[in-house]
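# Structure at a glance
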Amino acid sequence: RLFRRRVGAGAPSERWRAWGRWVAAHPIPVLIVAGAPVVLLALQVRRIETGLPRSGWLPPAMESARALADLGTMQRAGVVQSLRVVVELPAGTSALEGDGWRAVARLGRAFGADARIDRVQSLPTIARSDEPNLMLTALVPADVRRTFVSGDQRAAVIELVPLSDADFPSVTQLVRDLRALDVPAITGLPGTTISIGGMPAFNADYEDAITGSMPLVVGLVLGGTLLALLAGFRSVLIPIKALALNLLSVGAALGAVVLVFQDGVGVQLVGLNAGMGSLFPALPALVFCIVFGLSMDYEVFLVARVAEARRAGAGESEAIAEGLARTGTMITSAGAIMIVVFAAFMLGDFLMIKVLGFALATAVLLDVTVVRMAIGPALLALAGRWNWWPGDAATSAAAVPRAGHRASRG
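Attention here is on the structure that accompanies the text.

What counts, and at which threshold
Residues numbered from 1 in each chain as written. Predicted model: local features only at pLDDT ≥ 70, side-chain atom pairs only at ≥ 80, totals over all residues. Heavy atoms only, no water. Salt bridge = Lys/Arg side-chain N within 4 Å of Asp/Glu carboxyl O. Helix = DSSP H or I, 4+ residues; strand = E, 2+ residues; numbered from the N terminus. Buried < 20%, exposed > 50% of the residue type's maximum accessible area, 1.4 Å probe, protein only. Core = buried A, V, L, I, M, F, W, Y, C linked by side-chain atoms within 4.5 Å. Contact = heavy atoms within 4.5 Å. 1 Å grid on protein atoms, 1.4 Å probe; cavity = no way out; pocket = protein on both sides within 12 Å on 5 of 7 lines; lining within 4 Å. Points joined across faces, edges and corners; volume = space filled by probe spheres on them. Nonpolar A, V, L, I, M, F, W, Y, C, P; charged D, E, K, R; others polar.

### Quick look at the pattern of salt bridges
Counted by the stated rule, this structure contains 20 salt bridges. Between R109 and D130 there is a salt bridge, with the nearest N and O atoms lying 2.7 Å from each other. Here R109, found in helix α5 (residues 98-112), pairs with D130, found in the loop between α6 (123-127) and α7 (134-139); they are 21 residues apart in sequence, far enough to count as distant. Assessed through its relative accessible area of 46%, R109 is described here as partly exposed. One salt-bridge network, in which partners are shared between bridges, spans E14, R17, E322 and R326.

Structure representation (structure tokens):
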């Protein structure tokens with residue numbers, strides 16, 4: 001009610017109109033003052049590291065987090081990140097006899113030589129023999145044999161327990177290093193392969209899936225948005241500018257996350273003791289998709305009003321001022337609501353949600369103030385009538401008489 005009484009429902013804001021005229025008259029200074037800090041912030045994205053944080057990303061009050069802390073005190077936290085390596089032997093080879101037994105034993109020794117591994121468990125380590133021995137094997141309980149050797153004896157399991165103080169990124173890298181080993185050369189048995197499971201292997205596969213799909217996701221979003229804006233505005237420059245500004249908002253938000261949560265700059269203000277060292281793999285994709293959608297809404301609101309004023313016969317500067325006058329209050333008010341909502345995510349203890357809330361709140365804050373209200377209008381002012389090329393008939397017709405009038409006066 002107060003808002004309607006002060007401004008009037010749907011009425012243009014004269015303050016935003018005055019601001020739009022000033023930006024249109026001084027586009028270069030606006031771009032330097034407003035654009036340079038945002039670009040510098042966005043450049044921090046080049047240093048982004050994705051992967052599970054080193055430790056401490058579960059809420060400390062959770063039972064699982066308390067149990068993990070207790071296991072760490074007992075120097076047994078590695079059992080939580082244990083790996084299961086399935087060794088598949090060539091056809092006709094038994095894991096309980098001859099070459100098959102020796103192949104599993106050699107692999108176990110090679111794994112145990114890695115400084116990140118605390119303990120190796122397999123049938124040869126239980127029997128304490130690198131050579132097959134039917135008598136020793138017979139002494140092993142049947143349920144233990146079933147745990148480490150398949151029914152057809154062509155597959156064997158080697159369990160690897162990392163060091164208790166190994167963090168998540170190092171164990172995830174351990175999975176990748178083990179998968180890169182030349183297994184036939186180690187075992188001396190051509191055709192031998194391994195498959196690695198366990199939570200660290202799941203984390204490695206999850207990271208690879210997210211990072212591997214990211215280029216496709218970005219390409220589809222950018223391509224679909226470009227086509228929609230080309231059809232909607234019948235312009236080449238407007239869609240390109242919109243994509244660039246949206247990417248700038250996303251980059252600036254992720255850059256802020258890199259500085260605060262990855263590097264630890266001011267991280268105490270958000271309730272952490274130190275930087276995480278890396279960011280959750282899903283974070284860049286989530287931030288890109290959400291921020292890109294929100295930013296595109298604000299861009300379309302603003303540019304559509306500028307285009308309408310342009311078709312009505314207004315000059316470039318006046319059209320920009322009119323667009324800001326009609327959308328400035330709406331965009332900043334909607335942005336303020338989103339900032340409050342996303343900032344509320346930071347009040348929780350779950351680290352992924354806290355980081356996501358910070359990224360989204362920062363992105364919206366920069367987008368609805370610096371990007372949409374300063375950088376975007378300044379770029380529109382610099383491009384002038386080329387914004388609408390090749391343009392629809394109404395916009396082009398509005399530009400031609402003024403150009404002809406200036407030419408006749410000249």
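From this point, things continue past the structure.
### Focus on the nonpolar core
In this structure, V257, F261, L283 and V287 are the most contacted members of the largest nonpolar core, which totals 59 residues. Elements that contribute at least two residues to this core include exactly α11 (199-233), α12 (237-262), α13 (282-311), α14 (316-344) and α15 (351-383). Ranked by residues supplied to this core, first place goes to α13 with 16 residues. Apart from residues lying up to four places away in sequence, F261 is in contact with V270, L272, G275, M276, G277, L279, K354, V355 and F358. Within the second largest apolar cluster, 30 residues are counted, among which are L83, A103, F111 and L160.

### So, empty space enclosed by the protein
Within this structure, the stated rule accounts for 2 cavities of 30 Å³ or more. The space that makes up the largest cavity amounts to roughly 50 Å³. The wall of the largest cavity is formed by Q75, R76, G78, V79, D118, R119, V161, P162, L163 and S164. Elements represented by at least two residues in the lining of the largest cavity include exactly β2 (117-121) and β3 (155-162). Taken together, the residues that form the lining of the largest cavity break down as 4 nonpolar, 3 polar and 3 charged.

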